[in-house]
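# Structure at a glance
Letter by letter, the chains look like this.
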Amino acid sequence: QINHLTGDCAHARDSNFFKHQMITAQNFGNGNWFCFYFSGGLNYQIEHHLFPSVNHTHLPKLSAGVKKICEKYDVPYNHAAGYKEAIVQHFAHTEEMGRKPAKR
């Protein structure tokens, strides 16, 4: 859930399939062997959604190109530094969803 249920990802949407895949996912701990090993490579969630049939061991190599494309077309590349930041973002979003909406 730390890859999708955050304030930036959970309610994002776009009619373009590829852009939608990028903005509704979050990577965490890119380049960190601990995050890669203990998530089974799914810390590269954006690349996983864009290239679902590619083995997870190749996702880190794809990430630099995906990030450049995102920058070129001004598409958010959601990324948390590691497990801790990703979990904090997830729980902040969960807490926000638990609040009653303001009365109008």
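Use the structure listed above.
Read on for an overview of the structure. Numbering of residues starts from 1 in each chain and follows the order in which that chain's sequence is written. Only residues with pLDDT of at least 70 are given local features in this predicted model, and only at 80 or more are side-chain atom pairs given and counted; all residues enter the totals for whole chains, interfaces and linings. Water and hydrogen atoms play no part in the side-chain values, which are based on all heavy atoms of the structure.

## Examining helix 4 (residues 59-72)
Along its 14 residues, helix 4 runs 20 Å from first to last C-alpha, staying within 8% of the 20 Å computed at 1.5 Å per residue. Here helix 4 has its buried residues at Leu59, Ser63, Val66 and Cys70. At the exit of helix 4 stands aspartate 74, carrying a positive phi of roughly 55 degrees. Here a strand is any run of E in DSSP of at least two residues, a helix any run of H or I of at least four, and the numbering for each starts at the N terminus. An expected span of 1.5 Å times one less than the residue number is assigned to each helix. Using a 1.4 Å probe on the protein chains alone, a residue whose accessible area is under 20% of its type maximum counts as buried, one over 50% counts as exposed, and one in between counts as partly exposed.

## Observations regarding the pattern of salt bridges
Salt bridge, as used here: a side-chain nitrogen of Lys or Arg that lies within 4 Å of a carboxyl oxygen of Asp or Glu. With the rule as written, the count across this model stands at three salt bridges. Residue arginine 99 pairs with glutamate 96 through a salt bridge whose shortest N-O separation is 2.5 Å. Accessibility expressed as a relative area gives 48% for arginine 99, which makes it partly exposed. Taking the relative accessible area as the measure of exposure, glutamate 96 reaches 41% and is therefore partly exposed. Several salt bridges share partner residues, and in doing so they unite Glu95, Glu96 and Arg99 into one network.

## A short note on the state of the cysteines
Here, a disulfide means two cysteine sulfur atoms that sit within 2.5 Å of each other. Under the counting rule described, the total for this entry stands at zero disulfides. Here cysteine 9 is not cross-linked by a disulfide; its sulfur's nearest cysteine counterpart is in cysteine 70, at 12 Å.

## Brief notes about the environment of leucine 59
Examined against the element boundaries, leucine 59 turns out to sit in helix 4. Leucine 59 gets classed as buried once you look at its relative accessible area, which sits at 1%. For the pair leucine 59 and glycine 41, spaced 18 residues apart in sequence, the C-alpha to C-alpha distance is 7.5 Å.

## Section: the packing of aromatic side chains
Paired rings are identified among Phe, Tyr and Trp, the last through its six-membered ring, by centres lying within 6.5 Å, and are further divided according to the angle between planes into stacked (under 30 degrees), edge-to-face (over 60) and tilted (the rest). Evaluation of the coordinates by the stated rule reveals seven aromatic pairs. Centre to centre, the rings of phenylalanine 34 and phenylalanine 38 are 4.6 Å apart; their planes meet at 45 degrees, and the pair counts as tilted. Pair noted here: phenylalanine 34 and phenylalanine 38 are both in helix 2 (residues 33-39), with a separation of four residues, about one helical turn. Three or more aromatic residues link up through ring pairs in this structure, and these residues are Phe28, Trp33, Phe34, Tyr37, Phe38 and Tyr83.

## Some details on unusual backbone geometry
Backbone geometry follows two general trends: most residues other than glycine have a negative phi, and most peptide bonds adopt the trans configuration. Not every positive phi belongs to a glycine, and aspartate 74 is a case in point at roughly 55 degrees. Turning to its location among the elements, aspartate 74 is positioned in the loop between helix 4 and strand 2 (79-80).

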